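What follows is each chain in one-letter form.
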Amino acid sequence: MTVFDRTPLGALGLALLVAMVLAYLGGARLHAWLERTEAAAPGTAAPDQGIRRSDQGAVLSGVFGLLALLMAFAFSLAIGRYEHRRQLALDEANAFGTMASRLGLLDEAQRAPLARLLGTYARARAEAGRVPDDAEWEAAVGRAATLGTMFGDHLIGTLRTMPPDTRGPVLVSAWNSLGDIATARHAERSARLPAEVLMLLALYCCAGAGILGYGPDASSRRHAAAALALFVLLCAAYVTVLDLDRPRAGAIVVPQGELDTVAAALP
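The model shown is predicted, which means the values in this text are computed figures rather than measured ones.

Peer 1: How should the confidence of the model for the chain be read in this particular structure?
Peer 2: Any segment with low pLDDT has predicted coordinates that should not be analysed in fine detail. Summary statistics for the chain give a mean pLDDT of 85 and a share of 91% for residues scoring 70 or more. Element-level pLDDT for the chain is lowest in helix α1 (residues 3-6), with a mean of 73, against a maximum mean of 91 in helix α4 (residues 108-129).

This is how it looks when you write it as structure tokens:
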């Protein structure tokens, strides 16, 4: 678990905003210091302001163009993982529904205890999916896995008492699908955007802010207000990327209403 997972989103966004403001002010101070140094140097010609503005605009366009590209890549990766987690929750709900319907192939005396175990297992999986804390989630997943093993053992024991027919492969296939999806959901929730990528993105935001502050108009209040608005927007985009990378702990959570509904309908 990295600092991006442990720290509240608001604190990360505020820290990035403060860092960008400090970088902007540092760039402005560096520009002013160099101006005084050049002015104090004997025999130094005054630089052409038109050329300086043109060079500054070209540098800013390149820096913020690359920053936009990096932000777009990070956002695309985060939203892709979010959609995959959402699809896996839907697939698990469908798998539980399929398993419950295929239990109807058994006699009532065989079906009833298996249906109760399946309902208990489904509710444990749904409960684990709602846990925001990673440590508690791991414990909840472990408890659900124990219930799943109990259901699987009971299912295999029941099938061994039956004459071999087509019901066995159908039931085992449905049970295997449940196990595969549970493993996939665990792996997908554990996956995060690399901390190095997030750190590089934050550093690039600060570098862009510093270059923006180095411009000749940085001392203008209008320029500073526009720069602050840009920094707030960049921080909002950055925090959104981090939020999408947190399946249950952030404001944007993976919906699993279908799984909750299926689990509640089981005995």
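Peer 1: Any chance you could explain the packing of α4 against helix α6 (residues 167-190) here in plain terms?
Peer 2: To describe two helices that pack against each other, one gives the angle between their axes and the distance between the axes. Where α4 contacts α6, the axes come no closer than 12 Å and their chain directions differ by 15°. With respect to their mutual orientation, α4 and α6 come out roughly parallel. Crossing angle aside, the handedness with which α4 passes α6 is left-handed. Here L118, Y121, R125, A128 and G129 of α4 lie close against α6, whose contacting residues are W175, L178, A182, R185 and R189. For the contact of α4 with α6, the class distribution of residues is 6 nonpolar, 1 polar and 3 charged.

Peer 1: How do you make sense of the environment of V141 when you look at a structure like this?
Peer 2: Position of V141 relative to the elements: it lies in helix α5 (residues 134-160). For V141, a relative accessible area of 14% puts it in the buried group. Remark: the alpha-carbon pair of V141 and A72, spanning 69 residues in sequence, is separated by 33 Å. What V141 contacts, discounting residues up to four positions off in sequence, is R125, A128 and H186.

Peer 1: What is the right way to look at a nonpolar patch on the surface in this model?
Peer 2: A surface patch of nonpolar side chains, amounting to about 370 Å² of accessible area, comprises L14, V18, L22 and L25. Inspection of the secondary structure puts V18 in helix α2 (residues 9-40). With a relative accessible area of 42%, V18 lands in the partly exposed category.

How each quantity is defined
Residues numbered from 1 in each chain as written. Predicted model: local features only at pLDDT ≥ 70, side-chain atom pairs only at ≥ 80, totals over all residues. Heavy atoms only, no water. pLDDT = per-residue confidence, 0-100. Helix = DSSP H or I, 4+ residues; strand = E, 2+ residues; numbered from the N terminus. Axes fitted to C-alpha atoms, helices over the stretch in contact; angles between N-to-C directions. Parallel < 35°, antiparallel > 145°, perpendicular 65-115°, else oblique. Left-handed = near helix turned anticlockwise from the far one by under 90°. Contact = heavy atoms within 4.5 Å. Nonpolar A, V, L, I, M, F, W, Y, C, P; charged D, E, K, R; others polar. Buried < 20%, exposed > 50% of the residue type's maximum accessible area, 1.4 Å probe, protein only. Patch = residues over 30% accessible without salt bridge, like charges linked within 9 Å, V, L, I, M, F, W, Y side chains within 5 Å. Areas by Shrake-Rupley, 256 points an atom, 1.4 Å probe, with all protein chains shown as cover. Salt bridge = Lys/Arg side-chain N within 4 Å of Asp/Glu carboxyl O.

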